[in-house]
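Chain and residue survey
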There are 2 protein chains.
Amino acid sequence: MMILRSSPPSPFGRKVVIAASLLGLSNEIEYRKADAGDAADTLRRENPVGKIPVLILEDGTALFDSRVILEYLDHRAGGGKIIPSEPSARFAALRLQALCDGVLDASLLVLYENRWRAAERHEQKWLDYQNDKINRGFAVLEATPPGIDPIPNVGQIALACLLGHRDFRFAGSWRAGNPKLVAWHDRFAAQVPAFDATKVAA
Amino acid sequence: MMILRSSPPSPFGRKVVIAASLLGLSNEIEYRKADAGDAADTLRRENPVGKIPVLILEDGTALFDSRVILEYLDHRAGGGKIIPSEPSARFAALRLQALCDGVLDASLLVLYENRWRAAERHEQKWLDYQNDKINRGFAVLEATPPGIDPIPNVGQIALACLLGHRDFRFAGSWRAGNPKLVAWHDRFAAQVPAFDATKVAA
């Protein structure tokens with residue numbers, strides 16, 4: 001049995017749960033909630049960077065971050081399923097994942113500004129810089145939304161988790177002006193039961 | 001000819017230059033300096049997240065981030081060179097890369113605190129939180145330093161770039177108390193000429 005250290009609101013942790021479901025591996029993974037803010041949690045020994053998700057294998061190896069875990073799960077399921085083997089499809093999927101992960105990183109920094117700093121110490125230039133990354137990412141994704149493979153690839157999984165994160169943390173403000181992505185979100189949710197199953201109530 | 005958008009002080013950009021050299025691909029890449037802080041730079045069109053490095057392929061495809069670029073270069077060089085094919089070696093390399101990239105992310109956030117905010121608005125709790133990640137990462141790396149493969153893998157390349165970054169940006173403070181990593185750094189530098197060749201003067 002593998003152990004997943006994560007927390008339901010984490011978009012990166014959600015990637016792992018959805019990937020495991022798509023690959024038929026959910027029954028081989030025990031979910032053990034982690035609190036990245038709690039110094040007493042074993043998380044910081046499992047991953048020195050102290051971030052979730054971490055996947056602990058049967059031999060005790062702790063794998064992180066989400067990209068490495070997704071590649072491992074794909075390998076464990078035989079390979080070539082959520083990370084295409086064919087090079088042009090593979091690098092398109094990896095590139096899309098990097099884009100969505102990058103937008104997520106910017107979005108989390110916006111969130112952390114509120115979590116870590118008093119309002120009078122917020123730095124508007126920094127928030128603008130991060131929000132510009134998010135807005136440019138959404139503009140490109142809305143202009144040319146990706147497809148959805150029969151088994152969605154890591155890029156498509158990451159996009160779904162990005163949209164879910166923006167729904168949960170930013171009241172779905174992305175929906176205005178991005179009708180193609182709204183349709184994409186709904187198609188993904190209809191095709192992948194694990195997406196709604198991992199939705200966190202706002 | 002591929003085009004690399006990067007900047008010499010970037011540790012993630014340095015990973016790409018070293019990887020290209022190890023794979024014999026340096027002559028197929030034109031280095032075109034990018035300024036992530038300049039809104040007029042084409043970088044933000046090449047990568048909506050606005051981060052370096054970006055590798056632009058002959059067909060115009062812009063690949064990012066550094067991990068995706070390293071995997072692409074490995075593929076282009078025939079595969080299995082800087083990312084081992086054998087699963088246990090592969091995931092050890094990818095995990096090491098994720099650890100070093102994660103420590104780098106924390107280190108850059110410490111740097112950005114100074115770059116983006118007036119001293120009186122620095123948030124010590126946040127800086128402590130990031131520095132703890134860095135210190136835990138170094139403690140684990142010092143306790144069990146990795147090997148150095150005949151062609152160093154992506155994890156080893158990332159570690160070298162992490163150490164170089166801490167030398168450049170934090171006056172080599174990591175060296176005190178980490179003698180095994182100092183020895184590792186020197187072995188890597190002796191084996192990989194591209195490491196010293198990409199060193200930025202402090």
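Residues numbered from 1 in each chain as written. Chains lettered and ligands numbered in written order. Predicted model: local features only at pLDDT ≥ 70, side-chain atom pairs only at ≥ 80, totals over all residues. Heavy atoms only, no water.

1. Notes on the relation of the copies chain B and chain A
When chain B is fitted to chain A, the best match, at an RMSD of 0.0 Å, comes from turning it 180° and sliding it 0.0 Å along the axis. With respect to symmetry, the two chain copies, as superposed, fit the operation of a two-fold axis. Distance from the rotation axis, computed per C-alpha, reaches its smallest value in chain B at R121 of chain B: 2.9 Å. By residue overlap, the copies meet face to face through one surface: 98% of the interface positions of chain B are interface positions in chain A. (Least-squares fit on C-alpha atoms with pLDDT ≥ 70 in both. Contact = heavy atoms within 4.5 Å.)

2. Concerning the interface of chain B and chain A
Facing the 42 residues of chain B at the interface are 41 residues of chain A. Summed over both sides, the interface between chain B and chain A buries roughly 4200 Å², with carbon and sulfur atoms accounting for 58% of that surface. Looking at the side of chain B facing chain A, the largest losses of area belong to F91, W116 and R117 of chain B, adding up to 18% of the total buried there. Between the two partners, chain B and chain A, sit eight salt bridges. In this assembly, chain B and chain A are joined by 20 residue pairs in polar contact (both at pLDDT 80 or more). Ranked by residue count, the leading element in the side of chain B that touches chain A is helix α4 (residues 87–116) of chain B, at 13 residues. Tallied by class, the residues present in the side of chain B that touches chain A amount to 20 nonpolar, six polar and 16 charged. (Buried area = accessible area lost by both parts, 1.4 Å probe. Salt bridge = Lys/Arg side-chain N within 4 Å of Asp/Glu carboxyl O. Polar contact = N/O pair within 3.5 Å; in protein donor to acceptor, adjacent residues only side chain to side chain. Helix = DSSP H or I, 4+ residues; strand = E, 2+ residues; numbered from the N terminus. Nonpolar A, V, L, I, M, F, W, Y, C, P; charged D, E, K, R; others polar.)

3. Description of the pattern of salt bridges
According to the stated counting rule, one finds 26 salt bridges over all chains in the structure shown. A salt bridge links D101 of chain A to K15 of chain A, with the nearest nitrogen and oxygen atoms 2.9 Å apart. Of this pair, D101 of chain A sits in helix α4 (residues 87–116) while K15 of chain A sits in helix α1 (residues 11–22), and the two are 86 residues apart along the sequence. The two residues D101 of chain A and K15 of chain A agree in class, both being buried. Here R32 of chain B and E30 of chain B are joined by a salt bridge, their closest N and O atoms 3.1 Å apart. (Buried < 20%, exposed > 50% of the residue type's maximum accessible area, 1.4 Å probe, protein only.)

4. Here we look at the sheet that holds strand β2 (residues 29–33) of chain B
Residue and element names in this part refer to chain B. Strands sit in the order β2-β1-β3-β4 across an open sheet of four strands; the sheet is mixed. Each edge of the open sheet is held by one strand with a lone partner, namely β2 and β4 (62–63). Where strand β1 (residues 2–6) and β2 come together, five bridges link them in parallel fashion. Counterpart to S6 in the pairing with β2 is K33. (Pairing = 2+ DSSP bridges.)

5. What to know about the packing of α1 of chain A against helix α3 (residues 66–76) of chain A
Residues and elements named next belong to chain A. Running from N to C, α1 and α3 point in directions that differ by 5°, and their axes come no closer than 9 Å. The angle between α1 and α3 places the two elements in the roughly parallel class. Here F12, K15, V16, A19 and A20 of α1 lie close against α3, whose contacting residues are S66, R67, I69, L70 and L73. In terms of residue class, the contact of α1 with α3 is built from seven nonpolar, one polar and two charged. (Axes fitted to C-alpha atoms, helices over the stretch in contact; angles between N-to-C directions. Parallel < 35°, antiparallel > 145°, perpendicular 65-115°, else oblique.)

6. Regarding the domain arrangement of chain A
All names here are of chain A. In terms of domain boundaries, chain A breaks down into domain 1 (2–76) and domain 2 (87–193). Spacing between the C-alpha centres of domain 1 and domain 2 amounts to 21 Å. Of the residues lining the interface, twelve residues belong to domain 1; the matching set on domain 2 comes to 19 residues. Buried area between domain 1 and domain 2, summed over both chains or domains, comes out near 1300 Å², and the portion from carbon and sulfur atoms is 73%. (Domains from an automatic or database assignment.)

7. Let's talk about the environment of V200 of chain B
Residues and elements named next belong to chain B. As for its placement among the helices and strands, V200 is situated in the segment after α8 (193–197). For V200, a relative accessible area of 26% puts it in the partly exposed group. A sequence separation of 198 residues divides V200 from M2, and the C-alpha atoms of the two residues are 23 Å apart.

8. Some words on the packing of aromatic side chains
Counting across every chain of the model gives 14 aromatic pairs over all chains. With a centroid separation of 6.1 Å and an interplanar angle of 55°, the aromatic rings of W126 of chain A and Y112 of chain B are classed as tilted. Of this pair, W126 of chain A sits in helix α5 (residues 124–143) while Y112 of chain B sits in helix α4, placing the two residues on different chains. On the accessibility criterion, W126 of chain A (6% relative accessible area) is buried. Taking relative accessible area as the criterion, Y112 of chain B reaches 27% and is therefore assigned partly exposed. For the ring pair F188 of chain B and F195 of chain B, a centre distance of 5.5 Å and an interplane angle of 85° mean the geometry is edge-to-face. (Phe/Tyr/Trp six-rings, centres within 6.5 Å; stacked < 30°, edge-to-face > 60°.)

9. What about the nonpolar core?
By size, the foremost hydrophobic cluster in this structure holds 132 residues, and its most contacted members are L55 and L73 of chain A together with L55 and L73 of chain B. Core analysis: the second largest hydrophobic core is formed by eight residues, L109 and W126 of chain A together with W126 and Y129 of chain B among them. (Core = buried A, V, L, I, M, F, W, Y, C linked by side-chain atoms within 4.5 Å.)

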